[in-house]
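The chain contents come next:
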Amino acid sequence: MNLFEAIETRYSHKELFLPEPVPMTHLEQIAKAGITAPSGNNRQTVRLIILPNKEAIKPLNALTPHGGLGSTSAAIAVFTDTTLTPDGHMNFDKENYSAAMQNMLLAATALGYSSLWLDYIYFNPENEKAAKELLGIPEACRLWALVPIGKPDGLGSRREKLPYEERVFYGNYSAHKS
């Protein structure tokens, strides 16, 4: 699958996954796509933990009451090392993790998997702290998200995208392509 096909077919899979495992070589390809994303001032703050099977994921299931992890065969935890940004300097951790996430989601799609940007759970400081303890992530780091990865059990629902013409302008906001 080429890049543009992956971009057009990627969606947030919020349904069940098939029980088949994801090969470690594929998880490593997806992780590599994440860490090769651009980073502010090249600080490379993004860190990943590959959760290669249901046993590794199971302790985190209680933190995701609305699903997302329950049936997946693999996942990747995405966090940033906040100690890499010197005091008084601009922190790009949110941008860094976002770029890594997008690369991983596209890589998963290109390899034939479905995935999900699962982050809302960790906006709750108590959930973030609990997950960091379960994963052994140092306190100084910021856990942003998990990426469940697997083969979808069915087509999965997709949301409609607004037409190109309603979102892209030429030269100024009132100019559409003629």
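Conventions adopted
- Residues numbered from 1 in each chain as written.
- Predicted model: local features only at pLDDT ≥ 70, side-chain atom pairs only at ≥ 80, totals over all residues.
- Heavy atoms only, no water.
- 1 Å grid on protein atoms, 1.4 Å probe; cavity = no way out; pocket = protein on both sides within 12 Å on 5 of 7 lines; lining within 4 Å.
- Points joined across faces, edges and corners; volume = space filled by probe spheres on them.
- Helix = DSSP H or I, 4+ residues; strand = E, 2+ residues; numbered from the N terminus.
- Nonpolar A, V, L, I, M, F, W, Y, C, P; charged D, E, K, R; others polar.

Draft legend 1. Spotlight on the layout of surface pockets. The space that makes up the largest pocket amounts to roughly 460 Å³. In terms of lining, the largest pocket is formed by 14 residues, of which the most central are Arg-10, Tyr-11, Ser-12, Arg-159 and Lys-161. Contributing elements (two or more residues each) for the lining of the largest pocket: α1 (3–9) and α4 (93–110). Within the lining of the largest pocket, the residues separate by chemical class into 3 nonpolar, 4 polar and 7 charged. In this structure, the second largest pocket spans a volume of roughly 160 Å³. Lys-161, Leu-162, Tyr-164, Arg-167 and Val-168 together form the lining of the second largest pocket.

Draft legend 2. Structural context of the environment of Tyr-164. Among the secondary structure elements, Tyr-164 is positioned in helix α6 (residues 164–167). Separated by 39 residues in sequence, Tyr-164 and Pro-125 place their C-alpha atoms 37 Å apart.

In short, geometric facts, not functional conclusions.
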